[in-house]
Structures are given as structure tokens and as C-alpha cells.
Amino acid sequence: MKKRLCVLGMIVMALGAAVNVYADDNEYVPGVTVEEDADSPTGYTAVFIYEDEKAETVKLSGSFGMATDEHKQGVEPEYTSPHEWQDGMFPIGQETYSEEMEKVEGTDLWIDKLPLPSGHYQYCFYVDDSETRVYDPTNPPSASSVEGGGAYTRSVFDVPYD
């Protein structure tokens, strides 16, 4: 059985936000959960659950694009899907990867699973092909400043370092 690890950014936990847990062994609740996973090439799988009764499509987007050490400062890297992760790759960028989530039949839930190596990740959702990002309501966003002013605001979580 997979060991379940629920992790969120330290700020979120300090604010007292609900930490995502399983309702039981077969059912997920909304949020992001990181599972130790022997079948994952990285050793971990991040499970994203988004709830929306009206959505026709939901896209997960985040800092999930992978690159190799060949990436050099100032050169646009070729991003690799987290599903193609290999030892030596690392997450790069802000919103470098997105994919459609799958509707859980008979529910208002949408699910996606990504194999992710250790690190700090930002993510959001896009509903019904809208260009407006939706933050995870179970994991309030944090903000960081970006070059040129403004803020880059996304929900965040961490995959443990071993």
C-alpha cells in the first residue's frame, strides 16, 4: 500500500488551512496530496483533485515542466513532461506544463496524477477553456514578486526531499 503524505507550503499550514486527506481508502477529497509511490519513476505521485459541479473541462497548470542540467541561464530550455521524468531532471519555470484533468464519473470531482521529484511546486486550474486562473480553494495561494513588478500568485505544495 502507498504511504500517504499530505504536504502544503509552510505558509498555508501556518494559516491553519485544511490539509488534504483521504475520506477513506478508496475516495479522494479536493486538494493536492503527495503519495510515496514505488511505481512512480520519481518515488512520489502528486494527486490533484478539483471540485466543480458546473465545469465541462478542467486543466491543471503549474511548474511541472522538467529540464536537464544542460539548461543554461538565458537559454530557453526544452521542457519535458513530468510523465517522462528521468534521473537528473529537475522542475523548472513557473507555469511550464499543463494537462487536462479527468472527470471522476458520477461526481463533481476532477483528478490528475503527476510523478514529481522532490521540490517546491506552484499550480492553478483553468476551467472550461477560460484564460482566468482558478486557485485551489483548499490551498490558498501565495505570492512572490516577479521581474518588472507585480506578483506571481499560485497555490503551492512541496514534494519531500529524501
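Per chain, the residues get numbers from 1 upward, laid out in the order the sequence is written. Two thresholds apply to this predicted model, a pLDDT of at least 70 for residue-level local features and 80 or more for giving and counting side-chain atom pairs, whereas whole-chain, interface and lining totals are computed over all residues. Think of the side-chain values as coming from all heavy atoms in the structure, minus any hydrogens and water.

With respect to the overall build of the chain
Each helix is a run of DSSP H or I of at least 4 residues and each strand a run of E of at least 2, with the numbering of both proceeding from the N terminus. A tally of regular secondary structure across the chain gives one helix and 13 strands. For the chain, the N- to C-terminal ordering of α and β elements is β-α-β-β-β-β-β-β-β-β-β-β-β-β. Partly exposed describes any residue whose relative accessible area lies between the buried limit of under 20% and the exposed limit of over 50%, with all areas from a 1.4 Å probe on protein chains only and scaled to the type maximum. Going through the 162 residues of the chain one by one, you find that 43% of them count as buried. For accessible areas, the Shrake-Rupley method is used with a probe of radius 1.4 Å. Any residue's cover is judged against the shown protein chains and nothing else. Summed over its atoms, the accessible surface of the chain is roughly 9,300 Å², and 49% of this surface lies on carbon and sulfur atoms.

Things to note about the pairing of strand β4 (residues 58-62)
The buried fraction of β4 is high, at four of five residues. A strand pair is defined by DSSP finding two or more bridges across the two strands. Bridge count between β4 and strand β10 (residues 119-127): five bridges; the pairing is antiparallel. Each bridged residue has a counterpart across the sheet, and for Gly62 the counterpart in β10 is Tyr123. As paired strands, β4 and strand β7 (residues 97-100) are joined by four bridges and run antiparallel to one another. Pairing of Gly62 across the sheet is with Tyr97, part of β7.

Some thoughts on the side chain of Arg154
Mapped onto the elements of the fold, Arg154 is located in strand β13 (residues 151-159). The exposure class of Arg154 is buried, given its relative accessible area of 4%. We call two residues contacting when some pair of their heavy atoms lies within 4.5 Å. Apart from the residues within four sequence positions on either side, Arg154 is in contact with Glu95, Gln122, Tyr123, Cys124, Arg133, Tyr135, Pro141 and Ser142.

Brief notes about the confidence of the model for the chain
Known as pLDDT, the predictor's confidence for each residue is given on a scale from 0 to 100. A residue-level look at the chain finds 72% of positions with pLDDT of 70 or above and a mean pLDDT of 79. Looking over the chain, one finds the lowest element-wise mean pLDDT in helix α1 (residues 10-14), namely 31, and the highest in strand β9 (residues 109-115), namely 97. In this model, residues 1-24 is a region of pLDDT below 50 whose contacts with residues beyond four sequence positions or in other chains number 50 contacts.

A word on a negative patch on the surface
Every patch collects residues that have over 30% relative accessible area and no salt bridge, joining them within 9 Å if they carry like charges and within 5 Å if they are nonpolar side chains (Val, Leu, Ile, Met, Phe, Trp, Tyr). A side-chain nitrogen of Lys or Arg and a carboxyl oxygen of Asp or Glu constitute a salt bridge if their distance falls within 4 Å. Neither His nor the chain termini are counted; the positive set is Lys and Arg, and the negative set is Asp and Glu. Charge positions are represented by NZ for Lys, CZ for Arg, CG for Asp and CD for Glu. A cluster of acidic residues, Glu56, Glu100, Asp128 and Asp129, forms a negative patch at the surface. On the secondary structure map, Glu56 appears in the loop between β3 (44-51) and β4. Here Glu56 falls in the exposed class, since its relative accessible area comes to 63%.

Observations regarding the pairing of β9
Buried residues dominate β9, accounting for six of its seven residues. Judged from the seven bridges that link them, β3 and β9 form a sheet pairing that is antiparallel. Paired with Ala46 across the strands is Leu114, a residue of β9. Bridge count between strand β8 (residues 102-103) and β9: two bridges; the pairing is antiparallel. Of the residues in β9, the one forming a bridge with Glu102 is Ile111.

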